Amino acid sequence: MARVGRDLKGRLVPTPYHELGCHPLDQMAERRLLILYGSQTGTAQDTAERIGREAKRRHFQCRVEALDSYDVANLINELLVVFVCATTGQGDPPDNMKIFWRFLFRKNLPPSSLCQMDYAVLGLGDSSYPKFNFVAKKLHKRVLQLGGNPLLPVALGDDQHDLGLPSKYTLHYLSEDSMHPDGDLLQLTAARAVPSELHPFAARMVSNQRVTAESHFQDVRLIEFDTVGSGITFSAGDVVMIQPQNCPEDVQQFCQLLRLDPDRSFLLKPTEPGTALPALLPQPCTIRHLVTHYLDISCVPRRSFFELLSYFSTNELEREKLQEFSSAQGQEELYSYCNRPRRTTLEALWDFPHTTSAIPPEYLLDLIPRIRPRAFSIASSLLAHPDRIQILVAVVRYKTRLSKPRRGLCSTWLASLNPEQGDVQVPLWVKKGGMKFPADPDIPVIMIGPGTGVAPFRAAIQERVAQGWKGNCLFFGCRQKSKDFYCQAEWEELVTKGFLTLFTAFSRDQEEKVYVQHRIQENRRLVWELLTSRSAHVYLAGNAKQMPAAVAEALQSVLQLEGGLSPSEAEKYLTALEQTQRFQSETWS
């Protein structure tokens, strides 16, 4: 009779090999490898799947799973694990590893829990953020504390660095008489208790208003959705997730390139037992639905894309180029071809026409990642606008060396929708945000939100004003008062009524540029009094480039000039505010 022990959750399981007196290597005839990933934007998932493909070529029995899809209690029995994880926000784990993260850091786990495990951790991060690869470093340290045996030091990938198989499914076309019109596949049920990524709510777009002058280079929209019947609730600081789609022109081009009939219906079947079908794809599905709603043909392709593409190529010149792009030596050229000009997957396919026309349709889901939802800070309060969600959207459009301007998938799609020309529905759901506002009406809030960073503060101000709360101080910055002063009339009315103290920085309205950090320094006495006499909370939102550091420097200047603190004391004071949640920030690149 086999000996048994207990797993991390106390359940009876077979005793780990090392306790039976045999070494894990004795059991390696099967060469099992588990790859667990925590991914927010898809990069970590793509990397994990690529490692999985390499492992299978080396005859490992390999599983690749999201951390929250894996039963963490079984970790005690794993002999060889590779963790691939990203870091989000202010050093937070990605959404699909938060359950795993909480469990792993339970204080009652025995220090020898994972002593049979050999492991490696690969972190994917961005060194322009203060908490670079924080999750990977912490995970490596925690597994080590629980007895894990590291195969190598924690590996830290940096997005700032320039050089930063069998198909998963088989595709079975259906006969024409069983084909479904594409419209039938787009029905999103409105009667769900809690809308989520797997079951988004089809919200009706009520309005789509441009809030910048027509002559202004930046198109910014205030968009409102009707959420009646969704059961959606939220507070200031929360975010709405929106599932975008590809434009019809790109879908048509893609289908022509690959010689696909967009109206053809198919069923997907996994090639290996235990592989789940993509949750967001209906069964049966049309090619048009797959390309419109699932395949991210507008993303910049990764190295693994060219590697897989090279296997399909029947053209010698194209195959050589694809192999070069997927080799270690070709990474600088790949970066120049793809990343620097932000070339899309669809454009890359145009450049390899012979190979593209030879892609087997069943490999499309291995080749091209799914479209990821986009997060937007909610810019309205339910107390002011019941059953409504409003967002501020800057339409992403910029030039590179390519002749065609680059466009953001989600913002461009949202801007193209016109609710005045018919019923427009957008799949969405709400998630808790990183910023929490004080529940005490006597605690004032200092909000620093240049550009669309003002969105969560509009929600907070509406929420507080609806309850009659004052003590709202807003530092808002934009280029020109006449062109991109969002919600000007709304702010000025609240100032008149005594609900808002407003400081504006219009950077291009005078010869010398003026930003929010300058206004903070000019009003340092008020900021100091709010912080020290009234225990104010400070909030910062906006672009993650130079602005957060400049604002932090301005706040430290206030502490030094008004409070007489030394530079190191001012820095410690600001750090203490962060640790006690009195200084919260939400920035993005």
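So, the overall build of the chain
Counting secondary structure elements, the chain contains 19 helices and 24 strands. Its C-alpha radius of gyration of 26 Å places the chain within 12% of the 25 Å reference for a compact globule of 589 residues. Considering the chain as a whole, with its 589 residues, one finds that 50% of them fall into the buried category. Each charge class in the chain was averaged separately, 66 positive and 66 negative side chains, and the resulting centres sit 3 Å apart.

Regarding unusual backbone geometry
Across the junction of Q283 and P284, the peptide omega takes the value 0°, indicating a cis bond. Inspection of the secondary structure assignment puts P284 in the loop between β13 (265-270) and β14 (285-286). The phi angle at Q581 is positive, at roughly 65°, despite the residue not being glycine.

Quick look at the packing of helix α13 (residues 455-466) against helix α15 (residues 488-496)
Two elements in contact, α13 and α15, have axes whose closest approach is 13 Å; the angle formed by their N-to-C orientations is 35°. You can see that α13 and α15 cross each other, and the crossing is left-handed. Seen from α13, the contacting residues are R458, I461, Q462 and V465; seen from α15, they are E490, W491 and L494.

Quick look at the side chain of T587
For T587, the position within the fold is in strand β24 (residues 583-588). The exposure class of T587 is buried, given its relative accessible area of 18%. If sequence neighbours within four positions are ignored, T587 has contacts with Q90, Y129, G542, A544 and P548.

Focus: the sheet that holds β24
Spatially, five strands are ordered β22-β21-β20-β23-β24 in an open sheet, and the strand pairing comes out parallel. Since the sheet does not close on itself, it has two edges, and those belong to β22 (500-506) and β24, each with one partner. When strand polarity is set aside, the average angle formed by the axes of neighbouring strands in this sheet is 10°. As paired elements, strand β20 (residues 445-448) and strand β21 (residues 472-478) share four bridges and run parallel to each other. Opposite I448, over in β21, you have F475 as the bridge partner. Each of β20, β21, β22 and β23 (537-543) touches helix α17 (residues 524-533); the most contacted strand, β21, lies at about 140° to it.

Some details on the packing of helix α1 (residues 43-57) against helix α6 (residues 303-312)
In the contact formed by α1 and α6, the axes pass within 10 Å of each other and the chain directions differ by 40°. Classed by the angle they form, the pair α1 and α6 counts as oblique. Crossing handedness for the pair α1 and α6: left-handed. Taken together, the residues of α6 that come into contact with α1 (itself represented by D46, R50, R53, E54 and R57) are R303, S304, E307 and Y311. Tallied by class, the residues present in the contact of α1 with α6 amount to one nonpolar, one polar and seven charged.

Topic: the pattern of salt bridges
If you walk through the whole model with that rule in mind, you get 27 salt bridges. A salt bridge links E65 to R63; the shortest N-O distance between them is 3.0 Å. Residue R343 is joined to D351 by a salt bridge in which the shortest nitrogen-to-oxygen separation is 3.4 Å. One salt-bridge network, held together by shared partners, links R50, E54, R57, R58 and E307.

Focus: the nonpolar core
Of all hydrophobic cores here, the largest spans 39 residues; its most connected members are F254, L290, L295, F306 and L364. Here the element with the most residues in this core is α6; it accounts for five residues. The contacts of L364, once residues within four sequence positions are left out, are F254, L258, L260, L290, L295 and I359. Among the nonpolar cores identified, the runner-up in size contains 30 residues, and A236, F457, A459 and C478 belong to it.

A closer look at the sheet that holds strand β12 (residues 239-242)
In space, the six strands of this open sheet follow the order β15-β12-β19-β10-β11-β16, with antiparallel pairing throughout. Looking at the sheet topology across the chains shown, the edges are occupied by β15 (374-377) and β16 (388-394). Ignoring strand direction, the axes of neighbouring strands in this sheet form an average angle of 40°. In this structure, strand β10 (residues 201-210) lies alongside strand β19 (residues 425-431), joined through four bridges in antiparallel fashion.

Definitions and cut-offs
- Residues numbered from 1 in each chain as written.
- Predicted model: local features only at pLDDT ≥ 70, side-chain atom pairs only at ≥ 80, totals over all residues.
- Heavy atoms only, no water.
- Helix = DSSP H or I, 4+ residues; strand = E, 2+ residues; numbered from the N terminus.
- Rg over C-alpha atoms; globule rule 2.2 N^0.38 Å.
- Buried < 20%, exposed > 50% of the residue type's maximum accessible area, 1.4 Å probe, protein only.
- Lys, Arg positive; Asp, Glu negative; His and termini not counted.
- Charge placed at Lys NZ, Arg CZ, Asp CG, Glu CD.
- Axes fitted to C-alpha atoms, helices over the stretch in contact; angles between N-to-C directions.
- Left-handed = near helix turned anticlockwise from the far one by under 90°.
- Contact = heavy atoms within 4.5 Å.
- Pairing = 2+ DSSP bridges.
- Parallel < 35°, antiparallel > 145°, perpendicular 65-115°, else oblique.
- Nonpolar A, V, L, I, M, F, W, Y, C, P; charged D, E, K, R; others polar.
- Salt bridge = Lys/Arg side-chain N within 4 Å of Asp/Glu carboxyl O.
- Core = buried A, V, L, I, M, F, W, Y, C linked by side-chain atoms within 4.5 Å.

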